[in-house]
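Given next are the chains, with one letter for each unit.
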Amino acid sequence: MEAFQGARDDISFQIGLIWSQVKEPVIVPLLRVSVFLCLAMSLMMLVERVYMGFVICLVKLFGRKPEKRYKWEPMKDDVELGNSIYPMVLVQVPMYNEREVYQLSIGAACGLSWPSDRIIIQILDDSTDPTIKELVQMECSRWASKGVNIKYEVRDNRNGYKAGALKEGMKRSYVKQCDYVAIFDADFQPETDFLWRTVPFLVNNPELGLVQARWKFVNANECLMTRMQEMSLDYHFTVEQEVGSSTYAFFGFNGTAGVWRISALNEAGGWKDRTTVEDMDLAVRASLKGWKFLYLANLKVKNELPSTLKAYRYQQHRWSCGPANLFKKMFTEIMRNKKVSLWKKIYVIYSFFFVRKVVAHINTFVFYCIVLPATVVVPEVAVPKWGAVYIPSIITLLNAVGTPRSLHLLVFWILFENTMSLHRTKATIIGLLEASRVNEWIVTEKLGDALKGKGGGKAPKKFRFKIGERIHMLELLVGFYLFFCGCYDIMFGKNRFYIFLYIQSIAFFIMAFGYVGTFVPNS
């Protein structure tokens, strides 16, 4: 027993000796550099948020509504020309094994109000499940029998995923007669007057290439995870899209709930599948050709948020990896472009891409989940209070303006975003380095009304424990790291960060074991 105790003390002494020898010459300088870089990135994020907050205040204060910035006149009937006065509109609905929502999306697209001989509904079905494929085809036939001009299109491969389907759809001969194309993902349900409120902007303003509507989440109250998503996305639509539209007439196309001028789409080079964000890729290329974009905040299209953790993680991987990869691919092209102003180039490269798509993800994780906890163990390195408390507080409060009804959930949102930042940072690095999974595309699972039919809106919970599928090891390791730093702070530290560290570690443990979002049984 004494020999065991002696060996343990000897190991502890050796570890302590190695730590003391490495700490001063290696750990302390590295941590100081890390703190400096993280504070610099935090200031970038703060300036970006304050700038956008200032612009959005001016937009609201001076009432810069779309109808005042661009010419807008309602479409009117012409006795002599008849319906030919109305432009031809193509409506594309790409889908893949959408058993739960195919009827809703097809019904909403077919219900759009527009002269029946001036609209074509195109269902692009990439389904691999033959049963679902047959159901979608039958639904299209049902609407066709009602007189709707609907085309059911399939292909023998899934090359390019969504971008490939949209590109293939644009090759059809009947598309040549169309002037505009409206795009809706399978879970989107536009109101009947959607085209009457968007197309006139394109008709009366030849410089406009895209009109984008806002998303309205039908299942935001389903669980805490969907409420967190609502807070993040509401800021994106309330502030980021509005600021981009009002200042440089540029923002990232959201991939759905928008109407493109087909000539703008073609001039930009059409759909490309080189990244997982084909929508953003098209928007950047079209903007570099000189086309302007308009965002309509008052036009909302219903859609569904992913309510299972698995679906949300896949979506966030795509949304984080794709923009970083696109940034790498297009940096030189943007810099060399001669059609847009220098200020617009700076906005696209620095603000749109670098700060929002790279710095925001990496700094959130590295600073608050790695560097800040490390200063507890290495007290020689201090983080100023303005960097540790004031800047993140201001950024958080500015983000909360998008969803005032969720102000009481702000603490949960901070913990959730910090936890998800690990997954997003990993995806961002994969995108920048073009590592494995860089072009991974997994369609976000939609539940539609499936859960409502299984117990009044609440899915039956079924305990599943599968290592690899259920346990996320990186989140687990970070959780243990934060917990260790919290314990060290209580015993030896002076920072009093332990409350934050303990709560954040619990959030990582919850995420690691998958106890977030809606639980859907296998059977």
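In the annotation of an unreviewed UniProt entry, the entry for the protein reads glucomannan 4-beta-mannosyltransferase, and the organism field reads Cajanus cajan. Looking at the protein in UniProt, the text filed under Sequence similarities (unreviewed entry) is "Belongs to the glycosyltransferase 2 family. Plant cellulose synthase-like A subfamily." Heading Catalytic activity (unreviewed entry) of the UniProt record for the protein holds this comment: "GDP-mannose + (glucomannan)n = GDP + (glucomannan)n+1."

> Explain the overall build of the protein to me, please; I cannot follow it from the model alone.
Within the protein one finds 15 helices and seven strands. Taking 523 residues into account, the globule formula puts the C-alpha radius of gyration at 24 Å, and the protein, at 26 Å, falls close to it. Expressed along its principal axes, the backbone C-alpha trace of the protein runs to roughly 100 × 55 × 40 Å. Residues classed as buried in the protein amount to 54% of the 523 residues present.

> Just to check I follow, could you spell out the UniProt feature "transmembrane region" (unreviewed entry) in the protein for this structure?
Under the UniProt annotation, "transmembrane region" (unreviewed entry) lies at residues 33–62, 346–374, 394–416, 471–491 and 497–520. Between the C-alpha atoms that bound residues 33–62 there is a distance of 44 Å. The span itself is 97% helix and 0% strand. Annotated as 90% helix and 0% strand, the span residues 471–491 places its first and last C-alpha atoms 30 Å apart.

> Hey, could you run me through the sheet that holds strand 3 (residues 150–153) in this one?
Think of a sheet as strands paired side by side through backbone hydrogen bonds, with each pair either parallel or antiparallel. Spatially, 3-2-1-4-6-5-7 is the arrangement adopted by the seven strands of the open sheet, whose pairing is mixed. Every other strand in the sheet has two partners, leaving strand 3 and strand 7 (292–303) as the edge strands with one partner each. Recorded for the sheet is a direction-independent mean angle of 20° between the axes of neighbouring strands. Of the strand pairs in this sheet, strand 1 (residues 89–95) and strand 2 (residues 119–125) are connected by seven bridges, and their pairing is parallel. Across the sheet, Val93 pairs through a bridge with Ile123, a residue of strand 2. Packed on one face of the sheet, helix 4 (residues 130–144) meets strand 1, strand 2 and strand 3 and runs near 165° to strand 3.

> Before we go on, may I ask you to explain the nonpolar core in this structure?
Counting residues in hydrophobic clusters, the biggest one holds 93 residues, and the most contacted among them are Val91, Ile106, Trp260 and Val284. Examining the composition of this core, we find that seven residues originate from one element, helix 11 (residues 342–377), more than from any other. Other than its neighbours up to four places away in sequence, Val91 contacts Ala109, Leu112, Ile119, Ile120, Ile121, Gln122, Ala182 and Phe184. Counting residues in hydrophobic clusters, the runner-up holds 32 residues, among them Val28, Leu31, Val377 and Cys485.

> Before we go on, may I ask you to explain the side chain of Thr198 in this structure?
On the secondary structure map, Thr198 appears in helix 6 (residues 194–204). Judged by relative accessible area, which is 0%, Thr198 ranks as buried. Residues within four places of Thr198 in sequence aside, it is in contact with Val211, Val259, Leu296 and Leu299.

> Whenever I open this one, helix 12 (residues 385–400) confuses me. Can you help?
Think of an α-helix as 3.6 residues a turn; residues three or four steps apart then line up on the same face. With 16 residues, helix 12 should cover 22 Å at 1.5 Å per step; its first-to-last C-alpha distance of 22 Å lies within 8% of that length. Buried within helix 12 we find Gly387, Ala388, Ile391, Pro392, Ile395, Thr396, Asn399 and Ala400.

> What am I meant to see in a nonpolar patch on the surface here?
A surface patch of nonpolar side chains, about 530 Å² in accessible area, is lined by Leu43, Val50, Trp386, Val389, Tyr390 and Ile394. Examining the composition of the nonpolar patch, we find that four residues originate from one element, helix 12, more than from any other. By the element assignment, Ile394 lies in helix 12. Ile394 sits in the partly exposed class, given a relative accessible area of 38%.

> How should I be thinking about the UniProt feature "domain: Glycosyltransferase 2-like" (unreviewed entry) in the protein in this particular structure?
Sites flagged by UniProt as "domain: Glycosyltransferase 2-like" (unreviewed entry) map to residues 180–377. With 59% helix and 15% strand, residues 180–377 has its two end C-alpha atoms placed 59 Å apart.

> I'm lost on the environment of Glu207 in this one. Help?
As for its placement among the helices and strands, Glu207 is situated in the loop between helix 6 and strand 5 (208–217). Given a relative accessible area of 33%, Glu207 falls into the partly exposed group. Placed 57 residues apart in sequence, Glu207 and Ala264 show a C-alpha to C-alpha distance of 9.3 Å. For Glu207, the contacting residues outside a window of four places in its chain are Tyr70, Trp291 and Lys292.

> Please explain unusual backbone geometry as it appears in this structure.
The backbone of Asn97 shows a phi angle near 50°, a positive value even though the residue is not glycine. Mapping Asn97 onto the fold places it in the loop between strand 1 and helix 3 (102–110). You will see that Glu434, though not glycine, has its phi angle at about 55°, which is positive. Locating Glu434 in the fold gives a position in the loop between helix 13 (410–433) and helix 14 (473–491).

> I would appreciate a short explanation of the pairing of strand 5 in the present structure.
Walk down a regular strand and you will see the side chains alternate between the two sheet faces. Counting buried residues in strand 5 gives nine out of ten residues, a clear majority hidden from the surface. By the bridge criterion, nine bridges tie strand 5 to strand 7 in an arrangement that is parallel. Paired with Leu208 across the bridge in strand 7 is Lys292. Bridge count for strand 5 against strand 6 (residues 258–261) is three bridges, and the pairing is antiparallel.

> It is not clear to me how the pairing of strand 2 should be interpreted in this structure. Could you clarify?
Within strand 2, seven of the seven residues are buried, leaving the element largely enclosed by the surrounding structure. Along strand 2, one buried face is formed by Ile119, Ile121, Ile123 and Asp125 and the opposite face, lined by Ile120, Gln122 and Leu124, is buried too. Crossover strand 1 to strand 2 through helix 3 is right-handed. Here strand 2 pairs with strand 3 via four bridges, running parallel. The residue of strand 3 that forms the bridge with Leu124 is Glu153. The handedness of the strand 2 to strand 3 crossover, carried by helix 4, is right-handed.

> Just to check I follow, could you spell out the packing of aromatic side chains for this structure?
Geometry of an aromatic ring pair is reported as the spacing of the ring centres plus the angle between the planes. Going through the model one piece at a time under the given rule, you end up with 26 aromatic pairs. Judged by centre distance (5.7 Å) and plane angle (65°), the ring pair of Phe251 and Phe293 falls under edge-to-face. You can see Phe251 sitting in the loop between helix 7 (224–247) and strand 6 and its partner Phe293 sitting in strand 7, a full 42 residues away along the chain. Exposure class is identical for Phe251 and Phe293. Each is buried. Here the aromatic rings of Tyr312 and Phe416 are separated by 5.8 Å at their centres, their planes lie at 25°, and the arrangement is stacked. You can see Tyr312 sitting in helix 10 (residues 309–336) and its partner Phe416 sitting in helix 13, a full 104 residues away along the chain. With respect to class, Tyr312 is no different from Phe416; both count as buried.

Rules and cut-offs
- Residues numbered from 1 in each chain as written.
- Predicted model: local features only at pLDDT ≥ 70, side-chain atom pairs only at ≥ 80, totals over all residues.
- Heavy atoms only, no water.
- UniProt positions renumbered as here; feature names shortened; annotations may be inferred.
- Helix = DSSP H or I, 4+ residues; strand = E, 2+ residues; numbered from the N terminus.
- Rg over C-alpha atoms; globule rule 2.2 N^0.38 Å.
- Buried < 20%, exposed > 50% of the residue type's maximum accessible area, 1.4 Å probe, protein only.
- Pairing = 2+ DSSP bridges.
- Axes fitted to C-alpha atoms, helices over the stretch in contact; angles between N-to-C directions.
- Contact = heavy atoms within 4.5 Å.
- Core = buried A, V, L, I, M, F, W, Y, C linked by side-chain atoms within 4.5 Å.
- Expected span 1.5 Å × (residues − 1).
- Patch = residues over 30% accessible without salt bridge, like charges linked within 9 Å, V, L, I, M, F, W, Y side chains within 5 Å.
- Areas by Shrake-Rupley, 256 points an atom, 1.4 Å probe, with all protein chains shown as cover.
- Salt bridge = Lys/Arg side-chain N within 4 Å of Asp/Glu carboxyl O.
- Right-handed = clockwise from strand over helix to strand, strands pointing away.
- Phe/Tyr/Trp six-rings, centres within 6.5 Å; stacked < 30°, edge-to-face > 60°.

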